[in-house]
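# Working through the structure, step by step
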Amino acid sequence: RVLRRTALGALLGAASGLARAAKPAVLLRFSHVVAPDTPKGQMALRFQALVHERAGGRIRVEVFPDSQLWGDDDEMEALRLGAVEMLAPSLSKFGNAGVPEFEVFDLPYLFADLAQVQRVTQGAVGRGLLQRLGRQQMLGLGFLDNGFKQMSATRPLRTPADFSGLRVRVQASRVLAAQMRALGARPVVLPFGETQRALASGVVDAAENPLSNFLTQGLAPWQPHLTLTQHGYLGYAVVSNPRFWASLAPTDRALLDSALADALAHGNRLAAALDQQALATLRRTPGVMLHQPAAAERAVLRRAVQPAWDGLRRSLGPGLLDDVQNALI
Ligand code: LMR
């Protein structure tokens with residue numbers, strides 16, 4: 001009888017374990033558009049691992065990288081409709097989604113380094129910006145860095161004359177479009193997931209990317225010249241659906257909040273290292289030519305993109321820009 005009871009207990013235990021594994025209380029789908037081996041990809045995987053470790057099967061996180069589930073054009077709508085629970089779009093993509101204040105991050109040469117970025121994103125200005133996402137039925141949960149963008153093309157891009165007439169892929173941001181026009185190029189808005197194909201087929205001639213994205217998208221064969229312009233910042237806001245977040249049991253919500261805070265800290269620590277690693281890999285990659293603009297060339301580019309600043313001041317007014325600039329110091 002003892003034996004039978006033990007066997008039955010084991011069976012029931014296994015069955016309930018199976019039930020737990022098969023049907024978690026909460027399913028959280030996290031969709032993003034980049035490769036796993038990037039700051040965002042690694043942050044999402046760390047978040048998944050931490051949640052699974054801490055929730056013991058109650059909460060399941062599924063991560064979909066590389067636009068496998070949703071892409072730039074439909075991910076925010078999918079979030080509002082409940083077809084995905086978590087995203088981390090680049091800050092550049094929120095302007096077009098009805099929160100134009102986020103385009104301030106696209107201003108060329110605004111930030112000198114990631115420490116300056118974090119003074120903005122991790123302080124009062126950042127908290128205020130996350131709150132504004134509520135206007136578009138998104139719950140802003142935190143910021144993540146990728147790094148600084150570099151220009152790529154089939155030729156070096158050191159001076160405004162080098163940009164003349166080039167079709168350059170940009171994210172859907174008015175500031176980025178204004179920046180490219182100010183340089184004499186033609187901005188072409190394309191989802192991230194279509195960029196590699198567009199460069200390969202010659203639909204566009206040039207692009208701006210942080211090095212981890214340039215490397216993991218395999219852009220080098222079509223964009224052999226990489227000019228280290230370091231001209232603009234690329235980072236992300238993690239967002240969820242406010243109804244989903246409110247529907248969680250308080251303990252589950254607290255668990256997700258703390259796992260995300262830890263995953264974001266991990267991603268933010270990793271960002272600069274992945275950028276350096278990508279640079280080292282690209283330096284060793286046959287056929288890739290890296291160009292370092294001289295200080296004088298950088299100054300000319302910086303002056304040339306002033307119209308992008310003027311446009312943002314006109315559309316947003318000076319308030320937010322002043323707040324951001326005050327937070328830098
Ligand atoms: C882009 O579209 O270039 C980036 O926003 C992609 C990303 O998410 O890093």
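Our structure's up above, just so we're on the same page.
Quick summary incoming for the structure in this document. None of the values given here were measured: they were computed from a predicted structure.

### A few points about the overall build of the protein chain
Check the secondary structure of the protein chain and you find 14 helices and 9 strands. Over its C-alpha trace the protein chain gives a radius of gyration of 22 Å, about what one expects of a compact globule, namely 20 Å for 329 residues. For the protein chain, the share of sequence-separated contacts (at least 6 apart) that also reach a separation of at least 24 residues comes to 78%.

### Remarks on the packing of helix α13 (residues 306-316) against helix α14 (residues 318-328)
Remark: α13 packs on α14, axes separated minimally by 7 Å, with the N-to-C direction vectors making an angle of 120°. In this view, α13 runs oblique relative to α14, as classed from their interaxial angle. For the pair formed by α13 and α14, the contact residues are L312, R313 and L316 on the first element and P318, L320 and L321 on the second. Classifying every residue of the contact of α13 with α14 by side-chain character gives 5 nonpolar, no polar and 1 charged.

### Remarks on the packing of helix α2 (residues 39-55) against helix α11 (residues 250-284)
Geometry of a packed helix pair, given as the angle between the helix axes and the separation of the axes. Close contact between α2 and α11 brings their axes to 8 Å; oriented N to C, the two are set at 150°. The interaxial crossing formed by α2 with α11 has right-handed handedness. Seen from α2, the contacting residues are P39, K40, Q42, M43, R46, F47, L50, V51, R54 and A55; seen from α11, they are L255, L256, A259, L260, D262, A263, L264, H266, G267, L270, A271 and L274.

### Things to note about the environment of W309
On the secondary structure map, W309 appears in helix α13. The spacing of W309 and L321 is 12 residues in sequence and 9.6 Å in space, taken between C-alpha atoms.

### Some thoughts on the nonpolar core
Formed by 82 residues in total, the largest nonpolar core has its most connected members in F47, V168, A206, A237 and V238. With 8 residues, the single largest contributor to this core is α11. Beyond its immediate stretch of four places on either side in the chain, V168 contacts M180, A185, R186, P187, V188, V204, D205, A206 and A207.

### Details of the pairing of strand β8 (residues 225-240)
Among the 16 residues in β8, 14 count as buried, and that is most of the element. In this structure, strand β3 (residues 86-87) lies alongside β8, joined through 2 bridges in antiparallel fashion. Following the sheet pairing, L87 is matched in β8 by V239. Here β8 pairs with strand β9 (residues 289-291) via 3 bridges, running parallel. Each bridged residue has a counterpart across the sheet, and for H225 the counterpart in β9 is M289.

### Structural notes on the pairing of strand β4 (residues 139-153)
Most of β4 is tucked away: 13 of the 15 residues are buried. Here β4 pairs with β8 via 12 bridges, running antiparallel. Looking across to β8, one finds that F148 is bridged to Y233.

Analysis parameters
- Residues numbered from 1 in each chain as written.
- Predicted model: local features only at pLDDT ≥ 70, side-chain atom pairs only at ≥ 80, totals over all residues.
- Helix = DSSP H or I, 4+ residues; strand = E, 2+ residues; numbered from the N terminus.
- Rg over C-alpha atoms; globule rule 2.2 N^0.38 Å.
- Contact = placed C-beta atoms within 7 Å.
- Axes fitted to C-alpha atoms, helices over the stretch in contact; angles between N-to-C directions.
- Parallel < 35°, antiparallel > 145°, perpendicular 65-115°, else oblique.
- Nonpolar A, V, L, I, M, F, W, Y, C, P; charged D, E, K, R; others polar.
- Left-handed = near helix turned anticlockwise from the far one by under 90°.
- Core = buried A, V, L, I, M, F, W, Y, C linked by C-beta atoms within 7 Å.
- Buried ≥ 20, exposed ≤ 12 C-beta atoms within 10 Å, placed from the backbone.
- Pairing = 2+ DSSP bridges.

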